[in-house]
Amino acid sequence: MLNKKRGYKSSRKAKTLEEGSAIDGMKIAKEIFENNLTSGQWAYNSLLNGGKFIPDFYRSDLQKELERIIKFQNPYHSEVINDKLLEQIIGKSRTQTSQYFTKILKIELSENKGNREEIKLQHYKWRDDALKTELDLKILAYIITEINNQIKSIKWLFRSNK
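Being a predicted model, the structure only gives us computed values, none of them experimental.

**Considering helix α3 (residues 39–48)**
Within α3, eight of the ten residues are buried, leaving the element largely enclosed by the surrounding structure. Of the positions making up α3, those classed as buried are S39, G40, Q41, W42, A43, Y44, S46 and L47. Of the residues flanking the end of α3, it is G50, one or two places downstream, whose phi is positive at about 95°.

Have a look at this one:
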């Protein structure tokens, strides 16, 4: 399990033959770094090009994506999307983060509806768009909650292995 997170080729098999026999996390991390992409942008491009599997990303890549989204969206929503928000949600679960948006900031999370594939594509499209154009606060609340939950999940994965 630790080898998977360190970037070594894992023994996990891809879901289809077209995707190869093993997922190479280090190769993906290198591609993200060299092309100045975020995890969300990489996943969205992969889905648009027929990819079906989204790998587990490094915690540091997800954290950078969250910070880049907040920095880009800050000029449009500076009263809400700022460094204080990042401080308040860091380390919180999906439920805690969504409650922070709905109860403290009074922002409902956008709904992402459709079948499983449509929901996945929309999710990563919003993450890609968040670095290119102003997004509605409801959509931002949704994607920030989801990214923060991914970060939290990885954190707990490592804690449970000590």
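**So, the side chain of Q41**
Assignment of secondary structure puts Q41 in helix α3. A distance of 2.9 Å separates a polar side-chain atom of Q41 from the backbone nitrogen of T38. Among residues more than four places away in sequence, those in contact with Q41 are N36, R68, D128 and L131.

**Remarks on the side chain of H123**
Following the sequence through the fold, H123 ends up in helix α7 (residues 116–129). Among the residues examined, H123 registers a relative accessible area of 9% and is labelled buried. Setting aside chain neighbours within four positions, we find H123 in contact with N112, Y142, I143 and E146.

**Things to note about the nonpolar core**
Formed by 34 residues in total, the largest nonpolar core has its most connected members in F57, L66, L85, L140, I143 and I144. Contributions of two or more residues to this core are made by α2 (25–34), α3, α4 (59–73), α5 (83–89), α6 (94–104), α7 and α8 (137–159). Looking at this core element by element, the count peaks at nine residues for α8. When sequence neighbours within four positions are dropped, the list of residues in contact with I144 reads L66, I70, I81, L85, I89 and F101.

**Some details on the environment of A130**
Structurally, A130 is set in the loop between α7 and α8. Measuring from C-alpha to C-alpha, the distance between A130 and R68 comes to 9.0 Å, with 62 residues separating the pair along the chain. Contact partners of A130, with chain neighbours within four places excluded, come to I69, F72, Q73, L135, L140 and I143.

Criteria and cut-off values
Residues numbered from 1 in each chain as written. Predicted model: local features only at pLDDT ≥ 70, side-chain atom pairs only at ≥ 80, totals over all residues. Heavy atoms only, no water. Buried < 20%, exposed > 50% of the residue type's maximum accessible area, 1.4 Å probe, protein only. Helix = DSSP H or I, 4+ residues; strand = E, 2+ residues; numbered from the N terminus. Polar contact = N/O pair within 3.5 Å; in protein donor to acceptor, adjacent residues only side chain to side chain. Contact = heavy atoms within 4.5 Å. Core = buried A, V, L, I, M, F, W, Y, C linked by side-chain atoms within 4.5 Å.

Everything listed here is a matter of geometry and, on its own, says nothing about what the molecule does.
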